[in-house]
Amino acid sequence: MTSDSLTSALRETLALFEQSGTPLTTTEVADCLELGRRSTYDRLDRLVNHGRLETKKVGANARVWWRPTEPQTEDEGFNAWPTTVESLVDDVLSRVDVGVFVLDEDFEVAWASEAIERYFGIDRSQLVGREKPELVESTVAPVIDDTERFTERVLATYEQETGTERFECRVIGGDGREERWLEHRSGPIESGPYAGGRVEVYYDVTYRKRRERKLRENRAQYETIVDTVEDGIYAVNEEMEFVVVNDGFCELTGYDREELLGTHVSMVHDNDEIMPRVESKLQTVIDTDRESARIELDIRTKSGETVPCESRFALFPLEGSYGRCGVVRDVSDRLEREQKLQRRIHQQKSITKLGRQALEVRDIDTLLTEATRQVAKTLGNDYCKILDLDADADELLLRHGVGWHDGIVGSATVSAVADDSQAAHTLRTDQPVVVSDLKTETRFSGPDLLREHDVRSGISTIIGPSDDPWGILGTHDTAAKSFSTHDVNFVQSVANILASAIARHADERELVRQRERLAALNSLNEVVRETTEVVINQSTREEIEETVCEFLAKSDSYSFAWVGDVDTTSKKVNVRTKAGTKGYLDDIVISVDPNDERSNGPTGRAFKTGEIQTTQNIDQDPSHDPWREHVETHEFRSSAAIPIIHEDAIYGVLNVYSKRLNAFEGEERAVVEQLGEIIGHAIAATERKRALMSDDVIEIAFQIPDVFEELDAESNQNGRISFDHMMPIEDERYLLYGSATEDAIDNVRSIVEQLPYWESVSFHDEGKETDFEAQLSNPPVLSVVASAGGSIKQAVIEDGDYNITVHVAPTADIRQITKTIEETYPMAQLLKHRQVTRRDNTTNRIQRVLRNQLTERQQTALEAAYHAGFFQWPRETTGGGVAESLGVSPPTFHQHLRKAEQKVFDHLLSTVLPTQPPSPRTE
């Protein structure tokens, strides 16, 4: 292909390439031509098609171009140059951009190419026949930048007989000439018509020189950029030795540039591990025509530290082979940010999971255990704990945790108030407490729990509101750590979830407890109703106790129940009746002896104090230890020991058990406590009925000599005081009706002043024998007799000696009555203790019948009216006065009285009057 087929644009492009075959990239050519990459590529591709250039693809999109060279040796001399005018012309025609002088043996110009005119501004038609040396000095050299040097070098070539000469010169623009760079080549003509002459060839290398200048400028710019960027940049040869390193790479590795250049990359890499990976990546670059490959590797610095880096590798032409260049970036900060982000994501996942579990899990302990595991795992800490606050004890229990020594969780406690306690400090602040290093911490030294586990750092925060905390969530590690704001917020978020779950669980538990208490109260009310019915149906004490125990045991609210009383001889508790115990009472011994530890249980304390004893959590109550094996077998959680009391008399203790924690508190406690009084009242009523219905009674008679002296009361020791009738009214108060001789009235007043349970006394028609009415509040003797269902047969103080006779049923607790009288009157002397049979007369039968017909209030109203003189004429008192004594309103008193009168007269007129005449009143 001839040069005529090349356009001026292609010739311009071809002129950039040297004959040496040095490759250029598309970008380099485009920069020299000041063209776009696409246009430059089209030119280069056309030159390849013309056979003027060769090309090769490097990387995914890169390509290099070069001009093929013509091999020649020194021995060949200038034989490659044209040796005839014809061949020379042909060559010139194919190289129209080449300036040529052909000199004969006399160094006169034989021929010049057209390009000579453009290069030097010379009319070539005037050149033929002129001596070249003279032409150089007069015409050519003046347009050259360095005229003298150019002249010397050209003339020097004429003296050379062999070899070629090559140098560059710059033509100064002007007079129609372009400023350009020319490459001079010359050599002898060895054959042909101009043998012995010389040929001078001038190649236009302007674009190459521009390119070189630009490359130098670019190189300087690139070097400035390379040394300015913070990333490490380096290049290695095929032997993997550093040939280029920038300041960033030196700073990254800690080496000086001189220390790195010429050394193997293993100086900063683990060659056995890293280099196979690098070579594998580079091979991928070659195989897939990619421009570069990315790999993450560690740089080993001069100080021995390891820096995580990201590196991009690429190939570049290097002396017939390819070197490796790379850009290395320290990614420590990025990795740290990624790790923080991953931690945040992990923390959010944990919070989401715990939040879902908080809604789904019903067992709060399961949730708390899972929370400690999640917090420790998410933060990578050795320990996590949940402390349950006991405000009364000023301490916190390690309720749940992970990582702690065996046996610690569930038993270890830390102070909630001590200055060295991190937990105490946490309770005193509204914000989470963060400790980076406990050894340098100044706010507190840390409790034994942390020190014994080598804790160095941690986070702790309150669970629940700061003014009413439930406890503390804490996480710790044996290494000194810095915790981020996100870490602290994560722990606080978990604490908030737990606080909400605990509050919700407490609310749900309270609802369950309310339902359980409501069911229990319904059961208790049913027991009260059944107890009332059995009393109405003339039942015995045994039937009352059995009814109560059976109803409690079959209730869903309670497990079992039993009633016991005390054997006064052995001081042991006897089981009177039981229901649902399933062997619980087998081999169990309960005492009331203060010297016996088995008297410290709820039942023993109830007998000794006369007050209800409740246990809300039997597992934590040491008073149950003597019977712990039985307790664990029957799995009840709470109990109540309820004294069965009526007017200070203890008939026994009712014991009730439940599987519920805290079963006997609040309203339920009040009801079961009242249940003991109801049962006691029912038993007392039953005992009184039995005593009334029975013909046999126990008669006990005491004498207290000089009773006023014993009472330390002023008295004249004269006269007679008779206590005729006693009746109970509300609130453990009694009305006592009696009479006193004229000389004993002051003695009655002295009794009222001396004895605190005598509240007041009023006299009617003072004279030789005056009736009186006294109000008493819980008098010991009267109370114990009434509670036993007995009555005062006779009570008289005459001439200072007090004689009292009591009738009680044979089943009554005679020992208690005797004991009470002896404690009240230490000088009392027992005169009688015998069983007697009451006379079966009409008065007694009518009295028993009426007592069964009248209600307690009707009977009280009737007896009070009778003994107060309401039925006498003229009346000694009015209905209002009696009502005031009874503590009721007059209408209420009259209502009870009228109904009592109706029943009395109905019975008298229907039974007694038609059958027999009235009998005289008898005792």
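Refer to the structure printed above.
This text gives an overview of the structure that appears in the document. (Residues numbered from 1 in each chain as written. Predicted model: local features only at pLDDT ≥ 70, side-chain atom pairs only at ≥ 80, totals over all residues. Heavy atoms only, no water.)

**Re the nonpolar core**
Then, number 1: Core analysis: the largest hydrophobic core is formed by 45 residues, its most contacted members being I721, F723, W758, Y802, I804 and Y825.
Then, number 2: Among the elements that line this core, the one with the most residues is helix α23 (residues 780–787), at five residues.
Then, number 3: Excluding anything up to four places from it in sequence, I804 contacts I700, A701, F702, I704, V781, I792, Q794 and A795.
Then, number 4: If you look at the next biggest cluster of nonpolar residues, it comprises 30 residues, including C549, Y558, A579 and V656. (Core = buried A, V, L, I, M, F, W, Y, C linked by side-chain atoms within 4.5 Å. Buried < 20%, exposed > 50% of the residue type's maximum accessible area, 1.4 Å probe, protein only. Helix = DSSP H or I, 4+ residues; strand = E, 2+ residues; numbered from the N terminus. Contact = heavy atoms within 4.5 Å.)

**Brief notes about the environment of Q895**
Then, number 1: Within the secondary structure layout, Q895 lies in helix α28 (residues 890–915).
Then, number 2: For the pair formed by Q895 and Q858, sequence separation is 37 residues and the distance between their alpha carbons is 8.6 Å.

**Topic: helix α13 (residues 364–379)**
Then, number 1: When the terminal C-alpha atoms of α13 are compared, their 23 Å separation across 16 residues agrees well with the 22 Å that a helix rising 1.5 Å per residue should span.
Then, number 2: Inspection of α13 places I364, L367, L368, E370, A371, T372, Q374, V375, A376, T378 and L379 among the buried residues, and these make up the whole buried set.
Then, number 3: Structurally, the start of α13 carries an N-cap: the backbone nitrogen of D365 is 3.2 Å from a side-chain oxygen of D363.
Then, number 4: Phi turns positive one or two residues past the end of α13, at G380, with a value near 70°. (Expected span 1.5 Å × (residues − 1). Polar contact = N/O pair within 3.5 Å; in protein donor to acceptor, adjacent residues only side chain to side chain.)

**With respect to the sheet that holds strand β27 (residues 733–741)**
Then, number 1: Within the open sheet, the eight strands sit side by side as β28-β29-β27-β26-β30-β31-β25-β32. Their pairing is antiparallel. If you trace the sheet from one side to the other, it starts and ends with β28 (758–764) and β32 (829–837), each paired once. Taking each pair of neighbouring strands and ignoring which way they run, the sheet shows an average axis angle of 20°.
Then, number 2: In the sheet, strand β26 (residues 720–729) pairs with β27 via eight bridges, with the strands oriented antiparallel. The residue bridging S722 from the neighbouring strand is S739, located in β27.
Then, number 3: Across the sheet, helix α22 (residues 745–754) lies against β26, β27, β28, β29 (769–777) and β30 (791–798), angled at about 160° from β28, the strand it touches most.
Then, number 4: Lying over the sheet, helix α26 (residues 856–867) contacts β26 and β27, oriented at roughly 155° with respect to β26. (Pairing = 2+ DSSP bridges. Axes fitted to C-alpha atoms, helices over the stretch in contact; angles between N-to-C directions.)

**Let's talk about the pairing of strand β21 (residues 572–579)**
Then, number 1: Here strand β20 (residues 560–567) runs beside β21; their pairing, made up of seven bridges, is antiparallel. Residue pairing across strands places W562 opposite K578, the latter belonging to β21.
Then, number 2: Between the end of β20 and the start of β21, which pair antiparallel, lie four residues, with K571 showing a positive phi angle near 60°.

**Observations regarding a negative patch on the surface**
Then, number 1: A cluster of acidic residues, D390, D392, D394 and E395, forms a negative patch on the protein surface.
Then, number 2: Mapped onto the elements, D390 comes out in strand β14 (residues 383–390).
Then, number 3: Residue D390 is classed as partly exposed on the basis of its relative accessible area of 36%. (Patch = residues over 30% accessible without salt bridge, like charges linked within 9 Å, V, L, I, M, F, W, Y side chains within 5 Å. Areas by Shrake-Rupley, 256 points an atom, 1.4 Å probe, with all protein chains shown as cover. Salt bridge = Lys/Arg side-chain N within 4 Å of Asp/Glu carboxyl O. Lys, Arg positive; Asp, Glu negative; His and termini not counted. Charge placed at Lys NZ, Arg CZ, Asp CG, Glu CD.)

**Thoughts on the sheet that holds strand β7 (residues 180–188)**
Then, number 1: The sheet built from five strands is open, its strands ordered β5-β4-β8-β7-β6 with antiparallel pairing. Of all the strands in the sheet, the pair left with one neighbour each is β5 (109–112) and β6 (165–171). For this sheet the average axis-to-axis angle between neighbouring strands, irrespective of direction, equals 20°.
Then, number 2: Across the sheet, helix α6 (residues 132–140) touches β4 (98–103), β5 and β8 (198–204), and the angle it forms with β4 is around 140°.
Then, number 3: Sheet strands touched by helix α7 (residues 147–158): β4, β6, β7 and β8. Its angle to β6, the strand with the most contacts, is close to 150°.

**Considering the packing of helix α12 (residues 332–360) against α13**
Then, number 1: At a closest axis distance of 10 Å, the pairing of α12 and α13 adopts a crossing angle of 175°. Classed by the angle they form, the pair α12 and α13 counts as roughly antiparallel. Across the interface between the two elements, R343, H346, Q347, S350, K353, L354, Q357 and A358 of α12 pack against L367, E370, A371, R373, Q374, T378 and L379 of α13.
Then, number 2: In terms of residue class, the contact of α12 with α13 is built from five nonpolar, six polar and four charged. (Parallel < 35°, antiparallel > 145°, perpendicular 65-115°, else oblique. Nonpolar A, V, L, I, M, F, W, Y, C, P; charged D, E, K, R; others polar.)

**Points about unusual backbone geometry**
Then, number 1: The backbone phi angle of D394 is positive, close to 55°, even though this residue is not glycine.
Then, number 2: Structurally, the position occupied by D394 is in the loop between β14 and β15 (395–402).
Then, number 3: The phi dihedral of N662 is positive, around 55°, even though this residue is not glycine.
Then, number 4: For N662, the position within the fold is in the loop between β24 (649–658) and α20 (667–693).

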